[in-house]
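# Chain and residue survey
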Amino acid sequence: TLELYAASLLAFHVFCDNASIPENLRTPCSTDLILVWTATMAGTYAGASIKNYVHGVRAWCIIHGVQWNIGQDDLEAAIRGAERLQPAQSKCKKRQPYTVEYINKILADFDDTSPFDIACAGCLTTTFFTAARLSELTVPTIRDFNPANHATINNVRQGRDRNNLECTIIHVPKTKM
């Protein structure tokens, strides 16, 4: 999130520099300035990226006590328009959902003597059957691991569910939910 917000602030200032917008008109910025910036990104960036960029500038304003008087209806309309103009390659193709049958086909190809395959199978089935986000149970790299944010062996325990059936409980220290 911090990287995204930093990138959005940079994109906003690059736009303002290229358009020769004076510093005093950038903060607090007008609805017109934000709408023109949004419109210049339309057709180049995905609608979700544009929305995140705008919200990054908004977050900066809130954090620094700068007034944010942007017309919400106008902004939402501009973002909806940008979403309609987003490049086709920025849209993910719809994929079939994972099902138990599909997971069973994947698991059939795993080697049950390989620690890597066993770990992948455990991650896949745990994520699926707990309806967790993959990012709640994995980390991009070992350097990114932080026990304050990610589950460790200390976060796993045996318990009983509401039907008194034995289950494994994984406490996820930080979630998006």
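Located above this text is the structure these notes cover.
Heads up: these notes are all about the structure in this document.

About the cut-offs
- Residues numbered from 1 in each chain as written.
- Predicted model: local features only at pLDDT ≥ 70, side-chain atom pairs only at ≥ 80, totals over all residues.
- Heavy atoms only, no water.
- Helix = DSSP H or I, 4+ residues; strand = E, 2+ residues; numbered from the N terminus.
- Rg over C-alpha atoms; globule rule 2.2 N^0.38 Å.
- Buried < 20%, exposed > 50% of the residue type's maximum accessible area, 1.4 Å probe, protein only.
- Contact = heavy atoms within 4.5 Å.
- Disulfide = S-S within 2.5 Å.
- Patch = residues over 30% accessible without salt bridge, like charges linked within 9 Å, V, L, I, M, F, W, Y side chains within 5 Å.
- Areas by Shrake-Rupley, 256 points an atom, 1.4 Å probe, with all protein chains shown as cover.
- Salt bridge = Lys/Arg side-chain N within 4 Å of Asp/Glu carboxyl O.
- Pairing = 2+ DSSP bridges.

Right, let's talk about the overall build of the protein for a bit. Looking only at helices and strands, the protein features 7 helices and 2 strands. Going residue by residue from the N terminus, the α and β elements of the protein occur as α-α-α-α-α-α-α-β-β. Relative to the compact-globule value of 16 Å for 177 residues, the protein shows a C-alpha radius of gyration of 23 Å, a clear excess of over 25%. Seen through its C-alpha atoms, the protein measures out along the principal axes to roughly 65 × 35 × 35 Å. Per-residue burial over the protein gives 24% buried out of 177 residues. Within the protein, residue pairs in contact and separated by at least 24 positions form 48% of the contacts whose partners lie at least 6 positions apart.

Quick look at the environment of Trp-60 now. Its location among the elements puts Trp-60 in helix H3 (residues 47-63). Each C-alpha atom, one on Trp-60 and one on Phe-129, is 38 Å from the other, the two residues being 69 residues apart in sequence. In contact with Trp-60, other than residues within four places in its own chain, are Leu-9, Thr-27 and Val-66.

Moving on, we come to the state of the cysteines. This structure, assessed with the given rule, holds 0 disulfides. Looking at the unpaired Cys-61, the closest cysteine sulfur is the one in Cys-29, lying at 5.2 Å. Among the residues examined, Cys-61 registers a relative accessible area of 1% and is labelled buried. No disulfide involves Cys-120; its nearest neighbouring cysteine sulfur is the one of Cys-123, lying 7.2 Å away. Classification of Cys-120 as partly exposed rests on a relative accessible area of 29%.

Turning our attention to a nonpolar patch on the surface. Residues Ile-153, Val-156 and Ile-170 make up a contiguous nonpolar surface patch of about 270 Å² in total accessible area. Take Val-156: it is sitting in strand E1 (residues 156-160). With relative accessibility at 34%, the residue Val-156 sits in the partly exposed group.

A few words now on the environment of Thr-31. Along the chain, Thr-31 turns up in helix H2 (residues 31-41). Overall, Thr-31 belongs to the buried group, its relative accessible area being 16%. As a C-alpha pair, Thr-31 and Arg-95 span 64 residues in sequence and 37 Å in three-dimensional space. Leave out the neighbours within four places in its chain, and Thr-31 touches Asn-69, Ile-70, Gly-71 and Asp-74.

A separate point is the pairing of strand E2 (residues 166-170). A regular strand carries its side chains on alternate faces of the sheet. Strand direction decides the pairing type here: E1 and E2, joined by 5 bridges, are antiparallel. Bridge pairing in E2 places Val-156 opposite Ile-170. Hairpin geometry of E1 and E2 is characterised by an intervening segment of 5 residues between the two adjacent antiparallel strands and by a positive phi of about 65° at Asn-164.

The next subject is unusual backbone geometry. Cis rather than trans, the peptide bond between Thr-27 and Pro-28 has omega equal to -15°. By the element assignment, Pro-28 lies in the loop between helix H1 (2-18) and H2. Although it is not a glycine, Asn-164 adopts a positive phi angle of roughly 65°. Tracing the backbone through its elements, the reader meets Asn-164 in the loop between E1 and E2.

Keep in mind these values describe shape, not function.
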